[in-house]
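Each chain, written out:
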Amino acid sequence: MEDPPNPPQTCDVVIIGGGPAGSTMAARLAEMGLDVVLFDKDVHPRFHIGESLLPRNLPILSQLGVLDAVEAIAVKKFGADLALPDREDYRKFEFAEANPSHPHAFQVKRAEFDHLLLQNARKAGARVMEGVRVKDINFEPAESVNVTVDGAKPVWQARFVVDASGRDTFLAARMKTKERDPNHNSAAVFAHYQGVQRRPGTDAGNTSVTWFENGWFWTIPLSEGVDSVGVVCDPEFLRTRKGPLDEFLSETIASCPQMRHRMADAHPISMAQAAGNFSYKSNRMHGDRYLLIGDAYAFLDPMFSTGVYLAMESAMRGAEAVHTFLTEPETGRLKLDAHVISMERGLGRLSWFIYKFNTPATRKLFMSRLNPLNMRREVISLLAGDVFGRRSGGIGVPAFKLAHRLLSVVLR
C-alpha cells in the first residue's frame, strides 16, 4: 500500500524571485505580519547586470532599514553625463539641480546588493528558499493558489502569489500575456573591467553614456576599481559579429574614439554577456490572487537606470495593495487597480524618453546649454526617478517634447 501524499505546505504569500523586487516585497509583507515564502532559483550572491541606482531608491532603502549597509558597499554618484563619440568633453547632469534634498544615488555590485536585500527579507521574517525553482502554478480551487517547486516539499498552498521573477517573466510567459514593445527593440553586450578612466573629482561616480553610430555605451563605476561597461545597439548590429562576444565588445569599443580613450588601460575581469529583446510588457499586471512586479511585468531599457528603482517602487506600492487584498478583499481589489494605473502612468512618462533617446534631436537637446521654461530641472528630475510626478509636474517636460518635435523637423 502506497503512503498517502504529503499535504501541501501553507503560507499567505508566495513570491517568485529574489531580486530587488521580490526581496523588497517579502520584507514589507513580513513586516505587516503575513507569512511569506520566497523562492529563488539561484543561490546568492550571484552576478546580475543593472548596477546603477537612482536618488528615489534612497527613501526606499531607508524604509527597509538597509541604507547604511548599502552605502558601505557602494560608490556614491551625484549624477550622470552624456558624451558624443568623437569628443573628449561631456555634458553633466547633477541630481541636485532637480532636487537638493536628494543630491546623490549609489552604484552597486548587484551580487552584493541583491544578497543584502535578500538577507534583509529573512531578517524581517520571510521564509527565503534559495536554489529552489518554481515549476508550476495552479489557481484552482478558487480560494488558494497551488505552487509546485523543486525539492523535498514540492507543493505550497498560498492565498496570493507575487511574480518577481524578472526577465524570466514566469507568469506572463505561462499566461501568454507578454508582448514585445513594437516601439523599441535593443540588444546589449556587457562585462566588468578594471582600469577604466573615470571622470575627475566628484564626477568620478557618474554613470556615463556615450552615443555612437549604432547605439550607445554605458560605463558605471563600482567599488574596488571595477567598472561595468556595456553597449546597447540594434539587434541587427549585434548580428554582424563574427567572433566571440568578448571580441565583439572590444571591437565596438575601439570603434568609438571617446570610449577607446577611456578604455585604453582597461582590461576585462569577466566574460562578456549578451541580452536581447530588451523591451516588453505583460498586458496584465494583476488578476485574482496574483500580481506582477518589476521586470516580471515590464522592462523598457537600461538607458536611464530605472530598472532597480521601478522594481523596488512597484514592490513597496504593491505590498500595500496585497496586504489590503488579504485583509479587506473588496478594498484590496480597488487598491490593486489603483496600483496598476499609477505604475502605468510612470512607465508611460519614462518610455517617451527611451523611444526618442537615440535620435539626432535628442542628442542636440541634451548637449545644448539652453534651458527655456526650466526644462533642464524637470527632465533631470524625471531621470532621477521622479516618474510619478512628485516634483516634475511643471511645463519643462512638455516643453522638451515640443522642442524635440520641432527640432526633428529641422534635422529631417
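Described below are features of the structure shown in this document. (Residues numbered from 1 in each chain as written. Predicted model: local features only at pLDDT ≥ 70, side-chain atom pairs only at ≥ 80, totals over all residues. Heavy atoms only, no water.)

### Some points on the side chain of Asp181
Inclusion rule: Starting at the N terminus, helices and strands are each numbered in turn, a helix being any DSSP run of H or I of at least four residues and a strand any DSSP run of E of at least two. Three labels apply to residues, based on accessible area from a 1.4 Å probe with only protein chains included: buried if under 20% of the type maximum, exposed if over 50%, partly exposed otherwise in between. Asp and Glu are treated as the negative residues and Lys and Arg as the positive ones, with His and the ends of the chain left uncounted. Only one rule defines a salt bridge in this text: a Lys or Arg side-chain nitrogen within 4 Å of an Asp or Glu carboxyl oxygen. The term polar contact refers here to a pair of N or O atoms within 3.5 Å; inside protein, the definition further demands a hydrogen-donor-capable atom paired with an acceptor-capable atom, and it admits residues adjacent in sequence only when both atoms are side-chain atoms. Contact between two residues is taken to exist if any of their heavy atoms lie within 4.5 Å; hydrogens are not considered.
Tracing the sequence through the fold places Asp181 in the loop between β11 (178–180) and β12 (187–194). Of the side chains with opposite charge, Lys281 comes closest to the buried, unpaired Asp181, at an N-O distance of 7.6 Å. At 2.5 Å, the side chain of Asp181 forms a polar contact with the side chain of Tyr355. Those residues within four positions of Asp181 in sequence are excluded, and the remaining contacts are Ser279, Tyr280 and Tyr355.

### Some thoughts on the packing of helix α1 (residues 20–31) against helix α10 (residues 307–327)
For clarity, the threshold we go by: Angles here are taken between N-to-C directions and fall from 0 to 180 degrees, while the axes themselves are lines fitted to C-alpha atoms, restricted in helices to the stretch in contact. Orientation is classified from the angle alone, with under 35 degrees giving roughly parallel, over 145 giving roughly antiparallel, 65 to 115 giving roughly perpendicular, and any other angle giving oblique. Crossing handedness is defined as follows: a turn of the near helix away from the far one that is anticlockwise and smaller than a right angle gives a left-handed crossing, while the clockwise case is right-handed. Three residue categories are used. Nonpolar comprises Ala, Val, Leu, Ile, Met, Phe, Trp, Tyr, Cys and Pro, charged comprises Asp, Glu, Lys and Arg, and polar comprises the others, including Gly.
Between α1 and α10, whose axes approach to 8 Å, the crossing angle comes to 30°. Between α1 and α10, the angle falls in the class roughly parallel. The handedness of the crossing between α1 and α10 comes out as right-handed. Here Pro20, Ala21, Thr24, Met25, Arg28 and Leu29 of α1 come into contact with α10, specifically with Val308, Ala311, Met312, Ala315, Met316, Gly318, Ala319, Glu320, Val322 and His323. Counted by class, the contact of α1 with α10 contains 11 nonpolar, 3 polar and 2 charged residues.

### Here's the deal with the packing of aromatic side chains
Here is the rule: Only rings of Phe, Tyr and Trp enter the pairing, Trp through its six-membered ring, and a pair is recorded when the two centres are within 6.5 Å. The plane angle decides the type: under 30 degrees is stacked, over 60 is edge-to-face, the rest tilted. For a Lys NZ or an Arg CZ to count as sitting over a ring, it must be within 6 Å of the ring centre and within 35 degrees of the ring normal.
What the rule picks out here adds up to 16 aromatic pairs. Their ring planes at 65° and their centres at 5.4 Å tell us that Phe160 and Phe325 sit as a pair that is edge-to-face. Of this pair, Phe160 sits in strand β10 (residues 155–163) while Phe325 is found in helix α10, placing the two residues 165 residues apart along the sequence. Judged by relative accessible area, which is 8%, Phe325 ranks as buried. Each member of the aromatic cluster is reached from another via a ring pair, and the members are Phe93, Phe190, Trp211, Trp216, Trp218, Trp352, Phe353, Phe357, Phe366 and Phe400. If you follow Arg174 out to its NZ or CZ, it ends over the ring of Phe170, 3.7 Å from the centre. The ring of Tyr90 carries the charged tip of Arg199 above its face, separated from the ring centre by 4.0 Å.

### What to know about unusual backbone geometry
The peptide bond linking His44 to Pro45 adopts the cis configuration, its omega dihedral lying at 0°. Tracing the sequence through the fold places Pro45 in the loop between β2 (36–40) and α2 (57–64). Phi at Thr169 takes a positive value of approximately 40°, unusual for a residue other than glycine. Of note in this structure, Arg289 is not a glycine but carries a positive phi near 75°. Structurally, Arg289 can be placed in the loop between β19 (286–287) and β20 (290–292).

### A few points about the state of the cysteines
For clarity, the cut-off: When two cysteine sulfur atoms are found within 2.5 Å, that pair is recorded as a disulfide.
A full pass over the atoms with the stated rule returns 0 disulfides. The thiol of Cys233 is unpaired, and the distance to the nearest cysteine sulfur, on Cys256, comes to 13 Å. Judged by its relative accessible area of 2%, Cys233 falls in the buried class. By relative accessible area, which is 1% here, Cys256 ends up buried.

### Some remarks on the sheet that holds strand β18 (residues 280–282)
Using the following cut-off: Strands are labelled as partners when DSSP assigns at least two bridges between them.
Spatially, β11-β18-β21 is the arrangement adopted by the 3 strands of the open sheet, whose pairing is antiparallel. Looking at strand neighbours, the two that pair on one side only are β11 and β21 (298–299), the edges of this open sheet. Sheet analysis places β18 next to β21, joined by 2 bridges and oriented antiparallel. When the bridges of β21 are listed, Tyr280 appears paired with Phe299.

### Things to note about helix α8 (residues 245–254)
The periodicity of an α-helix, 3.6 residues per turn, causes residues three or four places apart in sequence to face the same way. Operational definition: Think of it as the arc spanned by the lines of direction from the helix axis to the C-beta atoms.
Those residues of α8 lying buried are Leu245, Phe248, Leu249, Thr252 and Ile253. Take α8 and look down its axis: the buried residues cluster within an arc of 130°, on one side only.

### Points about the environment of Arg46
Its location among the elements puts Arg46 in the loop between β2 and α2. The sequence separation of Arg46 and Arg110 amounts to 64 residues, and the corresponding C-alpha distance is 7.9 Å. Here Asp114 takes part through its side chain, which lies 2.8 Å from a polar atom of the side chain of Arg46.

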